[in-house]
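Understanding the architecture of this molecule
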Number of protein chains: 2
Amino acid sequence: MNPEVLEKCSQARRAKSILANSPATLKNEVLEHIANALEKNKDEIASANNKDLELIKQKDDYSKAFYDRLLLNEDRIASMADGLREIAGLDDPVGEVTRMWKRPNGLHIGMTRVPIGVVGIIYEARPNVTIDAAGLAVKAGNAVILRGSSEAVNSNRALVRIIQKSLTANNLPAGTVSLIEDTERSAAQDLMKADQYLDLLIPRGGASLIKAVIDNSTVPVIQTGEGNCHTYVDNSAEVESAAKIAINAKVQRPGVCNATETLLVHKEIAPEFLAKAIPALLDEGVEIRGCEETRSHSPTELNKATEDDWATEYLDLILAIKVVGNTAEAIDHINHYGTGHSEAIITDSYENAQAFLEQVDAAAVYVNASTRFTDGFEFGLGAEMGISTQKLHVRGPMGLEALTTLKYIVYGSGQIKR
Amino acid sequence: MNPEVLEKCSQARRAKSILANSPATLKNEVLEHIANALEKNKDEIASANNKDLELIKQKDDYSKAFYDRLLLNEDRIASMADGLREIAGLDDPVGEVTRMWKRPNGLHIGMTRVPIGVVGIIYEARPNVTIDAAGLAVKAGNAVILRGSSEAVNSNRALVRIIQKSLTANNLPAGTVSLIEDTERSAAQDLMKADQYLDLLIPRGGASLIKAVIDNSTVPVIQTGEGNCHTYVDNSAEVESAAKIAINAKVQRPGVCNATETLLVHKEIAPEFLAKAIPALLDEGVEIRGCEETRSHSPTELNKATEDDWATEYLDLILAIKVVGNTAEAIDHINHYGTGHSEAIITDSYENAQAFLEQVDAAAVYVNASTRFTDGFEFGLGAEMGISTQKLHVRGPMGLEALTTLKYIVYGSGQIKR
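Residues numbered from 1 in each chain as written. Chains lettered and ligands numbered in written order. Predicted model: local features only at pLDDT ≥ 70, side-chain atom pairs only at ≥ 80, totals over all residues.

Counting 146 residues, the largest nonpolar core has Val144 of chain A together with Val144 of chain B as the members making the most contacts within it. Beyond its immediate sequence surroundings of up to four residues, valine 144 of chain B is in contact with Val119, Ile121, Ala134, Ala137, Val138 and Val177 of chain B. (Core = buried A, V, L, I, M, F, W, Y, C linked by C-beta atoms within 7 Å. Buried ≥ 20, exposed ≤ 12 C-beta atoms within 10 Å, placed from the backbone. Contact = placed C-beta atoms within 7 Å.)

Okay, structure coming up:
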């Protein structure tokens, strides 16, 4: 194993039991301390960030969007600090006893919430994730190993130095939060194989990063992100409200995972609904790709949707529209093409609402609301570590609880097994 | 992908939504139907099993223990049938709404328990696992793909044929439970890579099987089994009761994962406790490997424990004993050498009991009881699918709930995101 990865894994393993037994007050003080230190050292952070920005400007594949994700200006530093203060304000999930019962032999058996242990995070060139992810993991009592992208290494190094100073100032080990500074791919791959040290690995980024982690990791992984979401307008829907919801689900922020990518419309309501919704969507700058029937109801010429469109997460102002025969057909389409993220039905039928809620297989299933609500803040969980689209451990927005596990505690009085 | 694996994965994916929406009554009827069919077809099963038994008798590495695990006689068939009837008697976890709350914008957000989907199980030459695992997975509403060992393929084929007949007799797809009959290693490896079809893969068997699955699988895995468990006798323990618990934890069934492998003893109680416990353990046929101080308190000569002993899961009538200075030292030893399975303190000190419960990092932590209680039946969960020693999704005994996941259901009234 890469010596840096090994050293930081060992430090994290030593730190985890100290963090696991640290009270919420101490963890909150550290988060506040880091928040203040970020603001105090904003020039140092900006200058480190500037090194990264200068380097990427010289690259052939330089893009403005990439530069913007990498940029840390005064506003963004303040917003990272505020994020930490918000995390400090959340309830500590550690120590909750979720259930407790008594067995016939007198054993009292309970389940109590404890930190996961050592959490690894592999992410792309967004230095705010460094603060955000470290803050959540520490609040839940974990040690953290961060592996950011090479393009952000100067920024991340400056941020982690500030975090570590705050940790030691509060008598916590610096190894609680560490950064793998080796930017070679092999260092990331060693981290994926470090199952003797890491309890969980979370990839945060695009589909190719997530796939690389799933394919190579022997550490348990939580898969986040991909969202080919649908909104289905049932024949009983109220047209005005359905159009508002569908438009919101597409255009309010098209580049995120909970935006709707395909609109399904019941054939009976299609003429009236599409006559209203299509011009409104076009007005918002949406490119529409329709099935044959959708195109026949459109006042203007629309692009033709292909099989690929049903399976695509555009993350853009593009919407596929398909007319379906009934709710069952909509559910089948969603369960076939969807990625198990967020799915909505717009209906006034009790029966269809219930069928949709029960039969659609996704992290979040909605009746009469925009798919855009799937996130930690909107669900009332506070900050989140991404949206899980897998079924193990946690599904949907990953709040602090997702960074904990349960252990059984058993109070006996001399019981032996017969 | 191996065509058989692909075909059975596709069938399971089609079956899963039917199972997910099948009521408990139907699932229970199927389980009862299979139980009756097993008893009715006991001769057919025994004769298929006999083929497997004859084949392994001709092998060079034939062992009586292996033969015994593979054997299906009338008693064992009856016991498999009873197991299914017990599973039918358990509450269906599917459909429970675990929490529900209302957001300021009027959205009602709930979490409801749903099946995982398609569960793969890779296991060794124990044909009873075929019935047991399939029964649990189906009760929790899942489709199942079984991959048993080549030595049991005739037995497994006969059992799965019976299961499939019962499924179709109850109008459920035969593909709900299927067996990968190709006994080549490559078929198992294809199953481990079938993340487009499988939601979960559970290896049931020895350490090498589990490691192979973890190293190769891109499907989320639950790690089960390894148990290097400890019992720590504190200085405040009542000697008589402590000895009873320690002996029970070692000898009641030494070959299982929740048996204690190392006994830790506080130095102040060591002379009195060991004088009582060592002869009693030797009487039970236990081989003791002691640290220097343990050996000095033994009335008879003991083998010397080496570093390896602290790290070994004997699964046998062998016990390592170490004298420690205090509870903190015992906790450190356990957190260093343990596998996170089951750990016990025997004490009358409130402070030490609480410290042990809080600081020991394991699936089940006990005060004043035998580690042997860590199992689904003893915890009141009913039948179990193994003991998880990882931290993701489920920790400790895996009952029906471990074969389910949660989905968010959101009841709106036209909400759009601002």
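Having seen the structure, we can now continue with the description.
So, about unusual backbone geometry. Its identity is not glycine, yet asparagine 171 of chain A carries a phi of approximately 60°, on the positive side. Topologically, asparagine 171 of chain A is positioned in the loop between helix 7 (153-169) and strand 5 (177-179). Notably, histidine 393 of chain B is not glycine yet its phi reads approximately 75°, a positive angle. Among the structural elements, histidine 393 of chain B can be located in the loop between strand 14 (387-388) and strand 15 (396-397). (Helix = DSSP H or I, 4+ residues; strand = E, 2+ residues; numbered from the N terminus.)

All names here are of chain B. Summarising the element assignment, valine 233 is placed in strand 7 (residues 229-233). In this structure, the C-alpha to C-alpha distance between valine 233 and glycine 380, residues 147 residues apart in sequence, is 27 Å. Not counting residues up to four positions away in its chain, the partners in contact with valine 233 are Ala242, Ala246, Leu263, Val265, His266, Ile269, Phe273 and Ile346.

With that out of the way, let us pick up the relation of the copies chain A and chain B. Expressed as a screw transformation, the operator carrying chain A onto chain B has a rotation angle of 180° and an axial translation of 0.0 Å, and the superposed copies differ by an RMSD of 0.0 Å. Read as a symmetry element, the transformation amounts to a two-fold axis. Taking C-alpha positions as the reference, the residue of chain A nearest the rotation axis is histidine 393 of chain A, at 1.7 Å. Comparing interface residues between copies, 98% of those in chain A also sit at the interface in chain B, which points to an isologous, same-surface contact. (Least-squares fit on C-alpha atoms with pLDDT ≥ 70 in both.)

Paired through their backbone hydrogen bonds, the strands of a sheet run either parallel or antiparallel. Taken in spatial order, the ten strands make up an open sheet running 1(A)-2(A)-16(A)-13(B)-12(B)-7(B)-8(B)-11(B)-9(B)-10(B), and their pairing is mixed. The strands lining the two open edges of the sheet, one partner per strand, are strand 1 (97-102) of chain A together with strand 10 (303-304) of chain B. Pairing geometry for strand 7 of chain B and strand 8 (residues 260-266) of chain B, over five bridges, is parallel. Counted as the bridge partner of cysteine 229 of chain B is threonine 260 of chain B from strand 8 of chain B. Helix-sheet contacts for helix 11 (residues 270-283) of chain B involve strand 7, strand 8, strand 9 (287-290) and strand 11 (318-324) of chain B, and the interaxial angle to strand 8 of chain B is about 155°. Packing against the sheet, helix 14 (residues 327-337) of chain B makes contact with strand 7, strand 8, strand 11 and strand 12 (342-346) of chain B, and its axis sits at approximately 140° to strand 11 of chain B. (Pairing = 2+ DSSP bridges. Axes fitted to C-alpha atoms, helices over the stretch in contact; angles between N-to-C directions.)

All names here are of chain B. Read across the open sheet, the four strands follow the order 5-4-3-6; overall the sheet is parallel. Whereas interior strands pair on both sides, the edge strands pair on one side only; in this sheet they are strand 5 (177-179) and strand 6 (200-204). Across the sheet, the mean angle separating the axes of adjacent strands is 20° when strand polarity is ignored. Sitting on the sheet, helix 6 (residues 128-139) is in contact with strand 3 (118-123), strand 4 (143-147), strand 5 and strand 6, with an inclination near 160° to strand 4. Contacts from helix 8 (residues 185-192) reach strand 3, strand 4 and strand 6, with the element oriented near 150° to strand 4.

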